[in-house]
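The lines below spell out each chain.
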Amino acid sequence: MQLLDGKFASEKIKLEIAAEAAEFLASSGRQPHLLAILVGNDGGSETYVASKMKNCEKVGFKSSLIRYDDSVTEEELLQKIAEINADKGVDGLIVQLPLPKHIDPEKVTEAIDYRKDVDGFHPVNLGRMMRNLPCFIPATPYGIMLLLKAYEIDTIGKHCVVVGRSNIVGSPMSILMARNANPGNCTVTLTHSKTANLKELALQADIIVAAIGKKNFVTADMVKPGAVIIDVGINRETSATTKSGFKLYGDVDFENVAPLASWITPVPGGVGLMTIVGLLKNTLASAKKEIYPD
Ligand code: NDP
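Residues numbered from 1 in each chain as written. Predicted model: local features only at pLDDT ≥ 70, side-chain atom pairs only at ≥ 80, totals over all residues. Heavy atoms only, no water.

### Digging into the side chain of Asn55
Counting through the fold element by element, Asn55 comes out in helix H2 (residues 43–58). With sequence-adjacent residues up to four places away left out, Asn55 is seen in contact with Lys14, Ile276 and Leu280. (Helix = DSSP H or I, 4+ residues; strand = E, 2+ residues; numbered from the N terminus. Contact = heavy atoms within 4.5 Å.)

### Considering the site of the ligand
By nearness alone, 21 residues border the ligand, and Arg165, Ser166, Ser193, Lys214 and Thr275 come closest of all. Between the ligand and the protein, one listed contact pairs a nitrogen atom with a side-chain N or O atom of Lys214 at 2.9 Å. One of the backbone N or O atoms of Val232 is found 3.3 Å from a nitrogen atom in the ligand. Starting from 930 Å² of accessible surface for the ligand in isolation, the protein chains cover 71%. Classifying every residue of the shell around the ligand by side-chain character gives nine nonpolar, ten polar and two charged. (Near = heavy atom within 4 Å. Polar contact = N/O pair within 3.5 Å; in protein donor to acceptor, adjacent residues only side chain to side chain. Areas by Shrake-Rupley, 256 points an atom, 1.4 Å probe, with all protein chains shown as cover. Nonpolar A, V, L, I, M, F, W, Y, C, P; charged D, E, K, R; others polar.)

### Some points on the nonpolar core
Core analysis: the largest hydrophobic core is formed by 52 residues, its most contacted members being Val209 and Ile230. It is helix H10 (residues 271–287) that provides the largest number of residues to this core, a total of eight residues. Shared between two domains, this core holds at least three residues of each, these being domain 1 (28–114) and domain 2 (139–272). Other than its neighbours up to four places away in sequence, Ile230 contacts Leu4, Ile144, Leu148, Ile208, Val209, Ala210, Thr265 and Val271. Within the second largest apolar cluster, 17 residues are counted, among which are Met222, Val223, Ala227 and Ile264. (Core = buried A, V, L, I, M, F, W, Y, C linked by side-chain atoms within 4.5 Å. Buried < 20%, exposed > 50% of the residue type's maximum accessible area, 1.4 Å probe, protein only. Domains from an automatic or database assignment.)

### What to know about the sheet that holds strand E2 (residues 33–39)
Taken in spatial order, the three strands of this open sheet run E3-E2-E4, and their pairing is parallel. Edge positions in the open sheet fall to strand E3 (62–68) and strand E4 (92–95), since each of these has one partner strand only. Here the average twist between neighbouring strands, direction ignored, is 15°. Pairing geometry for E2 and E3, over seven bridges, is parallel. (Pairing = 2+ DSSP bridges. Axes fitted to C-alpha atoms, helices over the stretch in contact; angles between N-to-C directions.)

### Here's the deal with the packing of aromatic side chains
With the rule as written, the count across this model stands at three aromatic pairs. Aromatic pair Tyr114 and Tyr292: ring centres 5.0 Å apart, planes at 85°, arrangement edge-to-face. Taken as a pair, Tyr114 in the loop between helix H4 (105–111) and helix H5 (123–130) and Tyr292 in the segment after H10 lie far apart in primary sequence, 178 residues in all. Residue class for Tyr292 comes out buried when judged on its relative accessible area of 11%. When the ring centre of Tyr114 is taken as reference, the NZ or CZ atom of Arg115 above it lies at 5.5 Å. (Phe/Tyr/Trp six-rings, centres within 6.5 Å; stacked < 30°, edge-to-face > 60°. Lys NZ or Arg CZ within 6 Å of the ring centre and 35° of its normal.)

### Notes on a nonpolar patch on the surface
On the surface, Met1, Leu3 and Phe254 cluster together into a nonpolar patch covering about 260 Å² of accessible area. Among the secondary structure elements, Met1 is positioned in the segment before strand E1 (2–3). (Patch = residues over 30% accessible without salt bridge, like charges linked within 9 Å, V, L, I, M, F, W, Y side chains within 5 Å. Salt bridge = Lys/Arg side-chain N within 4 Å of Asp/Glu carboxyl O.)

### So, the domain arrangement of the chain
What the domain assignment reports for the chain is domain 1 (28–114) and domain 2 (139–272). Listed per partner, the contact involves five residues of domain 1 and four residues of domain 2. For the pair domain 1 and domain 2, the summed buried surface comes to about 290 Å²; carbon and sulfur atoms form 55% of the total. Looking only at domain 1, the three residues that lose the most surface to domain 2 are Gly44, Thr47 and Tyr48, adding up to 68% of its buried area. On the surface where domain 1 and domain 2 come into contact, there are zero salt bridges. Looking at the side of domain 1 that touches domain 2 residue by residue, the class counts come to one nonpolar, three polar and one charged. (Buried area = accessible area lost by both parts, 1.4 Å probe.)

### Examining the environment of Pro100
Mapped onto the fold, Pro100 is located in the loop between E4 and H4. Ignoring sequence-local partners within four residues, the contact set of Pro100 consists of Val39 and Asp70.

### Some points on the pairing of strand E5 (residues 159–163)
In the case of a regular strand, side chains alternate between the two sheet surfaces. Here E5 lies mainly inside the structure; five of its five residues are buried. Burial along E5 is two-sided: the face carrying His159, Val161 and Val163 and the face carrying Cys160 and Val162 are both buried. Each parallel crossover has a hand, and for E5 linked through helix H7 (residues 170–178) to strand E6 (residues 187–191) it is right-handed. Sheet analysis places E5 next to strand E7 (residues 207–210), joined by four bridges and oriented parallel. (Right-handed = clockwise from strand over helix to strand, strands pointing away.)

Have a look at this one:
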């Protein structure tokens with residue numbers, strides 16, 4: 001078994017991003033700028049946003065954070081998004097999910113100008129991805145593709161089983177793996193909670209992408225020897241033994257699956273770090289107007 005080391009790959013790619021950001025600053029007189037909106041005090045969301053901001057600083061981007069408490073109305077939030085859409089000094093706008101129940105995440109996603117949608121959730125970007133056109137690819141699937149590329153994992157003609165069909169991970173991942181590209185060119189099976197024979201399907205997989213949100217869901221008896229395992233899950237549990245007071249677990253039973261796998265991502269230290277790289281690359285591409293020239 002070998003580790004698909006998100007820390008190693010992300011650090012390497014971030015050096016390249018930092019060099020490009022410095023060039024951009026020299027030629028344009030400004031830094032690429034990511035703005036995040038955070039609503040409420042969800043512990044996981046706080047951590048993710050803080051990490052995104054910190055990584056922006058590391059690669060020479062400007063980052064800004066607008067915070068609201070849970071009582072913000074949908075209208076106020078949409079008004080703020082409209083303001084930021086019109087602000088030429090902001091290249092990327094993300095609204096951290098989940099949002100409080102009274103705010104419709106679909107409305108918020110669609111309100112973001114697709115030219116600043118560096119999370120890649122807007123229907124325009126998803127539609128363009130579907131058609132293999134230039135777009136902002138959703139940050140987590142983008143990060144996974146960069147990780148597969150960094151380790152030169154052979155995906156052509158392989159059977160990839162994606163577990164989970166969310167709009168932000170599983171569904172776009174299935175499209176990317178099936179695309180005529182490298183990485184890509186897989187035969188893809190997209191599974192979900194209504195899939196009848198998940199274990200049989202998983203056992204046929206050369207590559208498993210687990211994006212479910214259930215600790216240790218993928219067990220050793222579901223994995224073919226030699227399979228490549230991508231664990232997207234981030235399951236937080238409180239812990240008395242860690243400094244932060246919580247511990248992260250993936251969707252894969254790492255201890256028992258790793259000995260069977262040819263390659264496997266750890267949690268933490270795998271896909272999460274690559275997601276940030278996907279976000280940074282999209283923000284840089286937005287600043288440089290590589291995807292949408294105007
Ligand atoms: P969602 O809750 O939106 O989707 C979960 C998916 O898993 C659904 O499609 C659901 O099926 C499926 N599922 C649930 N139970 C089962 C089951 N018993 N058998 C088969 N499929 C099942 O989650 P996300 O995609 O947003 O996130 C998934 C995980 O990835 C979470 O742990 C999340 O924290 C993590 N994550 C990590 C990121 C990173 O950077 N590493 C980024 C984003 C998410 P159905 O559609 O039928 O309900």
